[in-house]
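# A look at the structure
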Number of protein chains: 2
Amino acid sequence: MGAATRYLDSDQPFALYRGEILPGLRLAWESWGRLNDDKSNAILIFTGLSPGAHAASSELDPEPGWWEPMIGPGKPIDTDHYFVLCVNSLGSCKGSTGPASINPRTGKPWRLGFPELAIEDIARATRLVVQHLGIDQLEAVIGPSMGGLTALAWLKQFPESCRKIALISTACSATPFAIAIRSLQREAIVTDRNFRDGRYTDDDWPEVGMRLARKLGMITYRSAQEWRQRFGRKRQDYFPQTLFGMRFEVESYLETHARKFVGQFDPCCYLYLSRAMDNFDACDSDESLKSLFQRCFSGHALVIGVETDFLFPVDQQRDLAQALEATGSEVSFHALDSLQGHDAFLVDMDGFADPIREWLQQPLLSATKTAK
Amino acid sequence: MGAATRYLDSDQPFALYRGEILPGLRLAWESWGRLNDDKSNAILIFTGLSPGAHAASSELDPEPGWWEPMIGPGKPIDTDHYFVLCVNSLGSCKGSTGPASINPRTGKPWRLGFPELAIEDIARATRLVVQHLGIDQLEAVIGPSMGGLTALAWLKQFPESCRKIALISTACSATPFAIAIRSLQREAIVTDRNFRDGRYTDDDWPEVGMRLARKLGMITYRSAQEWRQRFGRKRQDYFPQTLFGMRFEVESYLETHARKFVGQFDPCCYLYLSRAMDNFDACDSDESLKSLFQRCFSGHALVIGVETDFLFPVDQQRDLAQALEATGSEVSFHALDSLQGHDAFLVDMDGFADPIREWLQQPLLSATKTAK
């Protein structure tokens, strides 16, 4: 982790959503900007599956973060005004407790011995950092992709704990298409000869499975339309041709991304988070989306989707926006025609910057409503 | 192969498109209906990647074929009027010569020793059966999916050899998205611990890789929209839950299809045909699509695409139709709103039956044109 990472350690047993108990935990977090005296200017950002807490650079850690163009002084999430917090998800491997960290009872990595994780647990663990900072109510919660699921899990468990919420390229639950993709990614990992039921070592890493999983991920994170413009049928000569591949530029693009990912993310953490995404359903306690929002949120919601996203198709964001509107909440809904598909929020700042800036700047119409 | 299968054997060296030589070949074929005296009523059907020549049942072989509802007496491809021919693709493993058949020089299966195969070779090998039957000109060539690539390779090599052509859910070349999917399927197979550079045996089959490849195939053959209606988030209890899967019905659906496929199709044949699809480009000799059609076709073309197909997106069929129209050919173009995606031609007979029947029944407007 970088120099700006801070940690919250708890030795209290943490009861998980699916029933098991975690004997204490550590959470890695970073923040930007200054928390004001009445602690009313905090924005919490939940991450997608793979990023850590390093969402942006800072004086302590000048390395660009995963949402660098979005967070900073004068940027859409303006750290001159807001205190911005990002916590590495419980279950991940970027400083927080997860299957890759040490099980205190055995002194060895948890791996498949880690209890079953739910998206609700990520939200509830993150709450520990928010409470540790003495924040009662957040100005905003922002969740892109898996982070949007976590934002919904947050709302569900902590009603009226944020004045604004941004749900970006996300959904109330996964489509069967998204489940099929992730199921295949997990199958590629667990069938890797080096996976050995989680007993892989640094020298025999399940690299083949992780590479396949990452490439399949990349295929679903971008759009076919973007690739037609960007790659077409161009040949590549960067990597040597393999037995049945590496002839086309799109193949070398996938290979480059896969190589970067393989050593950086723990296979078991990937499996646990991936399964948690499939299993998450904001409405799993037979509460409709509308009554969930009615019960838990009365502020200003921002919902953004991308027409070319086929992992979290824009219909799913439209459903979220409609359910929010049906409760009488203020909702700004944007269906962007960006070519970058699911990953557009990371790369297409033109589309995302203005909606996020405007939504944060607008005073709450419901200030009177919540005060009543 | 079934009782209706017939074989053409040739011990003549067959020069392949990419430069190598095949020392003779065998082709498995089936036919339905009666070839008339002047041999003018023949319809040739090219197949997708995995089906064999058994496109329909017959008295000799009552087993339903892969296009059973389409071919037969009174059916859209009406065997009361037409002689219908289907040949197992060169390079496949359903009776024709391919990487799974015996290399006469070594007495062992070709496997990776098979020379590089191109879609053009499939068309040219098929031509041997057509010539063997004494057919000079075909009434129609029909090509769905990979079969459409083969139909284009046929046109390119044998100008004016068919009066009608049907290009179904196909394209003049693969998109980078389709290449990425197939590249990943091939990577899953060649990295399977049992693949061993093609030296797999019946007892150590690269089953894991073939299963992943097939599941990824199924994901791209249907549509996310269909699955939302069909599976939603329903749980499955047919298969036991695995470490990180088999919780949802969509997962058991994929598993069922994968199990059926694994023993039925040879891994090396899959690799060769898959790569041939990526490499195919109807315009690879710097001929535009329009001038290709201008040079090679003047009859009535049927082009069908499906709005939900993301492996061969409907834009690609629109491009084919426009290029055909630009040559002055008669073109019937249908963009179907079927939910079944790329596989719709196999399952959605409502959408495909009428266009195919009408196109075959219509007399050629260009009869005068071709006679001039």
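What you see is a predicted model; the values in this text were computed from it and never measured.

Moving on, we get to the interface of chain B and chain A. Listed per partner, the contact involves 38 residues of chain B and 38 residues of chain A. Of all the elements in the fold, those that place two or more residues in the side of chain B that touches chain A are α3 (176-190), α4 (207-221), α5 (224-230), α6 (249-262) and α7 (267-279) of chain B. With eleven residues, α3(B) is the single largest residue contributor to the side of chain B that touches chain A. Its residues assigned to classes, the side of chain B that touches chain A comprises 23 nonpolar, six polar and nine charged.

As a further point, take the domain arrangement of chain A. Residues and elements named next belong to chain A. The domain architecture assigned to chain A consists of domain 1 (6-173 + 281-371) and domain 2 (178-276). A C-alpha centroid distance of 26 Å is found between domain 1 and domain 2. If you look at the interface, domain 1 gives 23 residues, while domain 2 gives 18 residues. When its residues are assigned to classes, the side of domain 1 that touches domain 2 shows twelve nonpolar, nine polar and two charged.

On to the relation of the copies chain B and chain A. Under the fitted operation, chain B is carried onto chain A by 0.0 Å of movement along the axis and a turn of 180°, and the coordinates agree to an RMSD of 0.0 Å. Given the turn and translation reported, the copies of this chain are related as if by a two-fold rotation axis. Every residue of chain B has its C-alpha some distance from the rotation axis, and the shortest such distance is that of Arg193(B), at 3.5 Å. An overlap of 100% is found between the interface residues of chain B and their copies at the interface of chain A, pointing to a shared contact surface.

With that settled, the discussion passes to helix α2 (residues 146-157) of chain B. Residues and elements named next belong to chain B. For α2, built from twelve residues, the straight-helix expectation of 16 Å at 1.5 Å per residue is met to within 8% by its first-to-last C-alpha distance of 17 Å. With eleven of its twelve residues buried, α2 lies for the most part within the structure. Looking at α2, one finds that the buried residues are Met146, Gly147, Gly148, Leu149, Thr150, Ala151, Leu152, Ala153, Trp154, Leu155 and Lys156. Looking at the buried residues of α2, the elements they touch are β3 (42-45), α1 (119-132), β9 (138-144), β10 (162-168), α7 and α8 (289-296).

A few words now on the packing of helix α4 (residues 207-221) of chain A against helix α6 (residues 249-262) of chain A. Residue and element names in this part refer to chain A. For the pair α4 and α6, interaxial distance at closest approach is 9 Å and the crossing angle is 125°. Here α4 is positioned oblique relative to α6, judged by the angle of their axes. Crossing angle aside, the handedness with which α4 passes α6 is right-handed. Facing Glu207, Met210, Arg211, Arg214, Lys215 and Met218 of α4, the residues of α6 in contact are Leu254, His257, Ala258, Phe261 and Val262. Here the residues of the contact of α4 with α6 are counted per class, giving six nonpolar, one polar and four charged.

Take the nonpolar core next. Counting residues in each nonpolar core, the largest one holds 248 residues, and the members touching the most others are Ile43(A), Leu85(A), Ile165(A), Ile43(B), Leu85(B) and Ile165(B). Among all residues touching Ile43(B), those that are not within four sequence positions of it are Ile77(B), Tyr82(B), Val84(B), Leu85(B), Leu138(B), Glu139(B), Ala140(B) and Ile142(B).

Once that is clear, we can look at the pairing of β3(B). Residues in a regular strand project their side chains so that they alternate between the two faces of the sheet. Residues and elements named next belong to chain B. What you see with β3 is no split at all: Ala42 and Leu44 on one side and Ile43 and Ile45 on the other are buried throughout. Two elements, β3 and strand β6 (residues 83-87), share four bridges in a ladder whose sense is parallel. In the strand pairing of β6, Ile45 is matched with Cys86. Sheet topology note: the β3/β9 ladder contains three bridges and is parallel. By the bridge assignment, Leu44 is partnered in β9 with Val141.

Among the secondary structure elements, Pro62(A) is positioned in the loop between β3 (42-45) and β4 (71-72). It is 25 Å that separates the C-alpha atoms of Pro62(A) and Leu90(A), two residues lying 28 residues apart in sequence.

Right, let's talk about the packing of α8(B) against helix α9 (residues 314-326) of chain B for a bit. Two numbers describe a pair of packed helices, the interaxial angle and the distance between the axes. All names here are of chain B. Viewed as axis vectors pointing N to C, α8 and α9 meet at an angle of 55°, and their least axial separation amounts to 8 Å. On the basis of their axis angle, the class for α8 and α9 is oblique. Relative to α9, the crossing made by α8 is right-handed. Taken together, the residues of α9 that come into contact with α8 (itself represented by Leu289, Lys290 and Phe293) are Asp319, Ala323, Leu324 and Ala326.

Glancing now at the sheet that holds strand β12 (residues 330-336) of chain B. Residue and element names in this part refer to chain B. Pairing within the open sheet is mixed, and its eight strands lie in the order β1-β2-β6-β3-β9-β10-β11-β12. Of all the strands in the sheet, the pair left with one neighbour each is β1 (6-15) and β12. On average, each strand axis in the sheet is inclined to that of its neighbour by 20°, with strand direction left out of account. Contacts from helix α11 (residues 349-361) reach β9, β10, β11 (300-306) and β12, with the element oriented near 175° to β11.

What follows concerns the confidence of the model for chain A. All names here are of chain A. When pLDDT is averaged along chain A, the result is 96, and 98% of the positions lie at 70 or above. The low-confidence segment residues 368-372 (pLDDT under 50) makes two contacts with residues lying over four places distant or belonging to another chain. Among the scores for the predicted complex, ipTM is 0.95 and pTM is 0.96.

Calculation rules
- Residues numbered from 1 in each chain as written.
- Chains lettered and ligands numbered in written order.
- Predicted model: local features only at pLDDT ≥ 70, side-chain atom pairs only at ≥ 80, totals over all residues.
- Contact = placed C-beta atoms within 7 Å.
- Helix = DSSP H or I, 4+ residues; strand = E, 2+ residues; numbered from the N terminus.
- Nonpolar A, V, L, I, M, F, W, Y, C, P; charged D, E, K, R; others polar.
- Domains from an automatic or database assignment.
- Least-squares fit on C-alpha atoms with pLDDT ≥ 70 in both.
- Expected span 1.5 Å × (residues − 1).
- Buried ≥ 20, exposed ≤ 12 C-beta atoms within 10 Å, placed from the backbone.
- Axes fitted to C-alpha atoms, helices over the stretch in contact; angles between N-to-C directions.
- Parallel < 35°, antiparallel > 145°, perpendicular 65-115°, else oblique.
- Left-handed = near helix turned anticlockwise from the far one by under 90°.
- Core = buried A, V, L, I, M, F, W, Y, C linked by C-beta atoms within 7 Å.
- Pairing = 2+ DSSP bridges.
- pLDDT = per-residue confidence, 0-100.

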